[in-house]
Amino acid sequence: QCLMAVVVLLSFVNAHFRSASMAPPLFSSLSKCVSDVLSGFSYDARLSQPISVYSAPLTLKVAQKKADAPATFEVVHSTTVADAKLETTVTGGGDVNIKATHAKLLSNMKLTASTDLGSAKIESEYTGISDMAVKVVANLPSAKCEGSITKELGKVAGGPLTVGMEVGGNASNGKLTKLGFGALYGHGGYNLAASLTDKGDTLKVGCATSAYSGTVAAEVVYKMSKTSIVGTAGYATTLATGEKLKTTVDSSGTAACSLGLTSGPSSVTLCSSMGVDFGPPKVGVKIERK
């Protein structure tokens with residue numbers, strides 16, 4: 001039923017609502033201007049290294065989350081067949097995941113299908129509707145479906161306003177699993193993002209603007225079920241020497257810093273955070289070679 005609903009919706013949209021105009025961001029990207037500065041810190045040890053086995057180009061990925069925990073690894077093979085990008089991942093435990101992405105199957109549509117050989121997930125992103133963006137996700141055989149839509153309302157009080165909604169449910173039992181609303185507003189060099197997600201339990205309000213040769217952002221998150229409020233402020237920039245610097249501090253006193261260095265096909269990202277109690281800091285490093 002989920003798969004049939006996805007196919008019907010995409011066919012209808014593609015046949016009746018084509019447009020060449022610029023589409024707004026997807027629902028998950030409405031607050032990207034804020035999250036790009038305040039999130040993305042990793043405190044794992046990660047390595048990504050290209051290798052070749054019998055002339056087949058592969059990527060070896062190794063990760064260690066804790067110093068006393070065993071490292072995990074996976075091997076990834078990527079190729080392109082008939083305009084579709086195929087990615088096969090095999091983990092050290094023997095799990096296999098196959099992912100196919102096609103951006104030209106239908107006009108203005110990106111279609112992604114993935115499977116772990118026991119279940120499947122189908123995602124479609126459609127940006128061919130005037131001032132709108134649609135995303136539909138179907139999980140099989142669990143019959144869990146999700147959908148989101150964003151709409152640009154034009155200028156309001158001198159700035160562009162985009163609103164969105166996401167909803168998810170289980171077709172097998174009719175239960176609502178996801179419900180959220182969001183908005184993005186820009187004016188005077190400031191971008192304001194707000195969302196109410198987790199079926200009305202989490203409220204986020206954030207702001208981002210260009211300043212001091214970089215981007216400054218701040219966000220307040222209110223968790224209603226826990227009556228907790230957390231505020232975070234941060235700054236991100238690219239230094240004159242090319243390194244990418246990002247730093248944040250939250251209302252609990254925890255400070256975090258990230259520094260990314262790139263040289264040719266290699267990149268190294270260092271992350272660290274420390275709480276107000278000055279306990280042992282969290283440290284992470286990511287080394288990637290393409």
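Predicted, not measured: the structure shown is a model, and the values here were computed from it.

## Quick word on the side chain of T150
Part 1 of the argument: Secondary-structure assignment places T150 in strand β9 (residues 144–156).
Part 2 of the argument: A distance of 2.7 Å separates a polar side-chain atom of T150 from the backbone oxygen of P25.
Part 3 of the argument: For T150, the residues in contact, after removing those within four places along its chain, are P24, P25, L26, F27, L30, D131, M132, A133, T162, V163 and G164.

## A word on unusual backbone geometry
Part 1 of the argument: A cis geometry characterises the amide bond from L140 onward to P141, with omega recorded as 5°.
Part 2 of the argument: With respect to the helices and strands, P141 occurs in the loop between β8 (132–140) and β9.
Part 3 of the argument: Despite not being glycine, L117 shows a phi value in the positive range, around 70°.
Part 4 of the argument: You can see L117 is positioned in the loop between β6 (109–115) and β7 (120–126).
Part 5 of the argument: The class of L117 is exposed, set by a relative accessible area of 60%.

## Concerning the packing of aromatic side chains
Part 1 of the argument: Across all of its chains, the model carries 0 aromatic pairs by this definition.
Part 2 of the argument: Positioned above the aromatic ring of F41, the side-chain terminus of K246 is 5.1 Å from the ring centre.

## What about the pairing of β7?
Part 1 of the argument: Pairing geometry for β6 and β7, over 7 bridges, is antiparallel. The partner of A113 across the bridge, within β7, is I122.
Part 2 of the argument: In this structure, the hairpin formed by β6 and β7 is closed by a connection of 4 residues, where L117 is found at a positive phi of approximately 70°.
Part 3 of the argument: Pairing analysis gives 7 bridges linking β7 to β8, with the strands arranged antiparallel.

Calculation criteria
- Residues numbered from 1 in each chain as written.
- Predicted model: local features only at pLDDT ≥ 70, side-chain atom pairs only at ≥ 80, totals over all residues.
- Heavy atoms only, no water.
- Helix = DSSP H or I, 4+ residues; strand = E, 2+ residues; numbered from the N terminus.
- Polar contact = N/O pair within 3.5 Å; in protein donor to acceptor, adjacent residues only side chain to side chain.
- Contact = heavy atoms within 4.5 Å.
- Buried < 20%, exposed > 50% of the residue type's maximum accessible area, 1.4 Å probe, protein only.
- Phe/Tyr/Trp six-rings, centres within 6.5 Å; stacked < 30°, edge-to-face > 60°.
- Lys NZ or Arg CZ within 6 Å of the ring centre and 35° of its normal.
- Pairing = 2+ DSSP bridges.

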